[in-house]
Amino acid sequence: MARAITTRKKIMWTALAWGIGLLIFFPILWTFLTSFKSEAAAISDPPVWFFFDWTTVNYTDVLARSNYPLALTNSIIIAVGSTILGIIIAVPAAWAMAFVPGKRTKDVLLWMLSTKMLPAVGVLYPLVLIAKYLNVYDSRIMLIVVLMLINLPIIVWMLYTYFREIPGEILEAARMDGASLRNEIIYVLTPMAVPGIASTILLNIILAWNEAFWTILLTTVDAAPLTKFISSFSAPEGLFYAKLSAASIMAVAPILVMGWFSQKQLVRGLTFGAVK
């Protein structure tokens, strides 16, 4: 029997949920408001909330000072490229670990996860030397490979977890019907793991989009993504809070739009598949 919940408890839990949600959303709201302030209003004490002279000059200055379309293009190519490359490598690896495990499979999985504990600065100098030697410093290809290697353990772990939920008998039936290993992965395993693969892709795109350490240190101009674009508004003379906020909003807006659209399309596709 379901436990009865009183109206008072419902109101309390709803208010608590709204309070936590607003607390999490507050930094984004404050950044949005600051982006429409003058520099003087942005650093005023006490802070000014809604009653100030709204202006779009910060966005105009940001667009005039930096090449925003290039930075946006670089972010999209790097995030999507590293994700696709990671999925291509991770799907066979996760399949092997989930359905053909060996004695050292768990050790390999734990070792892959332990690489995330390595301080990034520990391999910075070798990577810079390799990039300089191969003449790929400040290139999209370099960032795609680096971000793919950084996020590969997470991709493999997520896909491994989803693949473990798929009954092995289905793959055995496909083999008995004459399916090759390639067809088994592409036409049997992958369609059954669409929700898991989709969530893995979305998470990896967000991680690659938000990566700042490597994108700032391994780029200058040509391959500079939006993280480098934002950091350019932090000058030795001080922080320009209004312009920095405008650049941050311009950087985060595309990923919010892409996330909303991808989630909508994913839900629509899963609903259509379930109905069908």
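Since the structure is predicted, the reported quantities are computational estimates derived from the model, not experimental observations.

## Observations concerning the side chain of threonine 200
Phase 1: When you line up the elements, threonine 200 lands in helix α10 (residues 194–210).
Phase 2: When residues no more than four places from it in sequence are discounted, the contact partners of threonine 200 are Ile87, Ile155, Met158, Leu159 and Tyr162.

## Regarding empty space enclosed by the protein
Phase 1: What the rule picks out here adds up to one cavity of 30 Å³ or more.
Phase 2: Lining the largest cavity, in full, are Asn151, Ile154, Ile155, Met158, Thr200, Leu203, Asn204 and Leu207.
Phase 3: Contributions of two or more residues to the lining of the largest cavity are made by α7 (140–164) and α10.
Phase 4: Partitioning the lining of the largest cavity into residue classes produces five nonpolar, three polar and no charged.

## Thoughts on the confidence of the model for the chain
Phase 1: Across the chain, pLDDT averages 82, with 89% of residues at or above 70.
Phase 2: In the model, residues 269–276 has pLDDT below 50 throughout and makes one contact with residues more than four positions away in sequence or in other chains.

## Topic: the packing of aromatic side chains
In this description, a pair of aromatic rings is defined by centroid distance and the angle of the planes.
Phase 1: One pass over the structure, following the stated rule, counts eight aromatic pairs.
Phase 2: Measuring from centroid to centroid gives 5.5 Å for phenylalanine 36 and tryptophan 54, while their planes differ by 40°, and the two rings are tilted. Here the residue phenylalanine 36 occupies a position in the loop between α1 (7–34) and α2 (39–42), and tryptophan 54 occupies one in the loop between α2 and α3 (57–65), the gap between them amounting to 18 residues.
Phase 3: Both rings, one in tryptophan 157 and one in tyrosine 160, keep their centres 6.4 Å apart while their planes meet at 75°; by these two values the pair is edge-to-face. Residue tryptophan 157 and its partner tyrosine 160 are located together in helix α7, separated by three residues, close to a single helical turn.
Phase 4: Owing to a relative accessible area of 25%, tryptophan 157 belongs among the partly exposed residues under this scheme.
Phase 5: By the ring-pair criterion, three or more aromatic residues cluster together here, those being Phe32, Phe36, Phe52, Trp54 and Tyr59.

## Focus: helix α6 (residues 124–134)
Residues spaced three or four apart along an α-helix point in a common direction, a consequence of the helix completing one turn every 3.6 residues.
Phase 1: Turning to α6, its buried residues are Leu124, Val128 and Ala131. Angularly, the buried residues of α6 cover 65° about the axis, an arc narrow enough to put them on a single face. In this structure, α6 carries Tyr125, Tyr133 and Leu134 as exposed residues pointing more than 90 degrees from its buried face.
Phase 2: Residues of α6 that are buried make contact with α7 and α11 (213–217).

## Some points on the packing of helix α4 (residues 68–99) against α10
Phase 1: Closest axis-to-axis distance for the α4/α10 pair is 9 Å, and the angle between their directions is 135°. One element, α4, and the other, α10, form an angle in the oblique class. Every pair of crossing elements has a handedness; the one defined by α4 and α10 is right-handed. Mapping the contact onto sequence places Leu72, Ser75, Ile76, Ala79, Ser82, Thr83 and Ile87 in α4 and Thr200, Ile201, Asn204, Ile205, Ala208 and Trp209 in α10.
Phase 2: Among the residues making up the contact of α4 with α10, the classes are represented as eight nonpolar, five polar and no charged.

## As for the pattern of salt bridges
Phase 1: Inspection of every chain in the model, using the stated rule, returns three salt bridges.
Phase 2: Note that aspartate 61 and lysine 243 form a salt bridge whose closest N and O atoms lie 3.7 Å from each other. Taken together, the residues aspartate 61 in helix α3 and lysine 243 in helix α13 (residues 241–275) connect sequence positions 182 residues apart.
Phase 3: For aspartate 61, a relative accessible area of 29% gives the class partly exposed.
Phase 4: What you see here is one network of salt bridges that share partners, running through Glu39, Asp61 and Lys243.

Rules behind the numbers
Residues numbered from 1 in each chain as written. Predicted model: local features only at pLDDT ≥ 70, side-chain atom pairs only at ≥ 80, totals over all residues. Heavy atoms only, no water. Helix = DSSP H or I, 4+ residues; strand = E, 2+ residues; numbered from the N terminus. Contact = heavy atoms within 4.5 Å. 1 Å grid on protein atoms, 1.4 Å probe; cavity = no way out; pocket = protein on both sides within 12 Å on 5 of 7 lines; lining within 4 Å. Points joined across faces, edges and corners; volume = space filled by probe spheres on them. Nonpolar A, V, L, I, M, F, W, Y, C, P; charged D, E, K, R; others polar. pLDDT = per-residue confidence, 0-100. Phe/Tyr/Trp six-rings, centres within 6.5 Å; stacked < 30°, edge-to-face > 60°. Buried < 20%, exposed > 50% of the residue type's maximum accessible area, 1.4 Å probe, protein only. Arc of directions from axis to C-beta. Axes fitted to C-alpha atoms, helices over the stretch in contact; angles between N-to-C directions. Parallel < 35°, antiparallel > 145°, perpendicular 65-115°, else oblique. Left-handed = near helix turned anticlockwise from the far one by under 90°. Salt bridge = Lys/Arg side-chain N within 4 Å of Asp/Glu carboxyl O.

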